[in-house]
Amino acid sequence: MPMGAVRRGVLIGGGEQRLRLYPAMDYVGLAEAAAEKMELYRRDPSGWRGCRHTNEVSVSWRPSAEFAGNVYRGEGILPASPQDVWECIKPVAGGSRTKWDQNVKDFEVVEAVSDTVSVCRTTTPSAFMRIISPREFVDVVLMKQYEDGTMLSAATNVEHPLCPPQPNFVRGFNYPCGCFCIPLSGDPDRTQLLSFFQTDLGGYLPQTVVDSFFPASITGFYSNLTKAIKALKA
């Protein structure tokens, strides 16, 4: 192995125990690069095309530069402080997202790389009238707070020796994605939530299904999050 490489592996079954090696991954570097992409998307207003609007969120999209699909942008104002919104969406073990987000069945931290970076596995239930079968995603996730109080969760797909593909799940891939919880000046009880999603669902799905699923999914995310926040404050 090259100098500095890390030998990672998992034992696989059979008559003898053999070690399946995985290439070393710079999890911190990948997480920081995802966060930088989120900041670029936030600053770049060009090319977004509106596709759905509700009382909670405006959804737009543009072609992804990361894969042969689209990146989606959701933007809405939520009736709670940034801390309350963050409490509902923060990507931590035992967090509340599995309780309110219909697209998240299970969330686990596979490896805590540092205080702010972790490798996580997320599974999703079947969706879209079961046309989309259950998926699993393995991502490195970074949490960051800015001087103005904005909080960011950013993620991108990785491999991890403790997360080989599981039976009964299709492996999907999140390309740089994330959520900004942005304080509103003079209004501490409301928060701008700016989110970016760009996901390859994997498997064999008609493009029309994919193009319909994401705007509906993002709309549901904001609607269910708004309900969760109201319940938290009650």
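Fair warning: this is a prediction, and the values are worked out from it, not measured in the lab.

Positive phi, normally seen in glycine, also occurs at phenylalanine 128, with a value near 60 degrees. Turning to its location among the elements, phenylalanine 128 is positioned in the loop between strand E7 (117-124) and strand E8 (135-145). Take phenylalanine 128: its relative accessible area is 28%, and that puts it in the partly exposed class. Within the chain, asparagine 168 stands out as a residue other than glycine whose phi angle is a positive 75 degrees. We classify asparagine 168 as exposed; its relative accessible area is 73%.

Attention shifts here to the state of the cysteines. In this structure the tally under the stated criterion is zero disulfides. Cysteine cysteine 179 is unpaired, with the sulfur of cysteine 181 as its nearest cysteine sulfur at 7.0 Å. Judged by its relative accessible area of 10%, cysteine 179 falls in the buried class.

Counting residues in each nonpolar core, the largest one holds 30 residues, and the members touching the most others are Ile89, Leu193, Phe221 and Leu225. Listed by contribution, the elements that provide at least two residues to this core are strand E5 (70-78), helix H2 (82-89), strand E12 (177-184), strand E13 (187-197) and helix H4 (207-233). Not counting residues within four places of it along the chain, the set of residues in contact with isoleucine 89 comprises Trp100, Cys179, Cys181, Leu193, Phe221 and Leu225. Within the second largest apolar cluster, 22 residues are counted, among which are Val110, Val140, Cys163 and Phe196.

It is worth spelling out the packing of aromatic side chains at this point. According to the stated counting rule, one finds 10 aromatic pairs in the structure shown. Taking 5.9 Å as the distance between ring centres and 45 degrees as the angle between the ring planes, the aromatic pair formed by tryptophan 48 and phenylalanine 196 counts as tilted. Residue tryptophan 48 is found in the loop between helix H1 (27-43) and strand E3 (49-53), and its partner phenylalanine 196 is found in strand E13; the two are separated by 148 residues along the sequence. For the pair formed by tryptophan 48 and phenylalanine 196, the shared burial category is buried. Judged by centre distance (5.2 Å) and plane angle (70 degrees), the ring pair of phenylalanine 213 and phenylalanine 214 falls under edge-to-face. The pair formed by phenylalanine 213 and phenylalanine 214 is uniform in burial state, with each residue classed as buried. An aromatic cluster is present here, built from Tyr72, Phe128, Phe213 and Phe214 joined pairwise through their rings. Positioned above the aromatic ring of phenylalanine 180 is the side chain of arginine 42, whose terminal nitrogen or guanidinium carbon lies 5.0 Å from the ring centre.

Criteria and thresholds
Residues numbered from 1 in each chain as written. Predicted model: local features only at pLDDT ≥ 70, side-chain atom pairs only at ≥ 80, totals over all residues. Heavy atoms only, no water. Helix = DSSP H or I, 4+ residues; strand = E, 2+ residues; numbered from the N terminus. Buried < 20%, exposed > 50% of the residue type's maximum accessible area, 1.4 Å probe, protein only. Disulfide = S-S within 2.5 Å. Core = buried A, V, L, I, M, F, W, Y, C linked by side-chain atoms within 4.5 Å. Contact = heavy atoms within 4.5 Å. Phe/Tyr/Trp six-rings, centres within 6.5 Å; stacked < 30°, edge-to-face > 60°. Lys NZ or Arg CZ within 6 Å of the ring centre and 35° of its normal.

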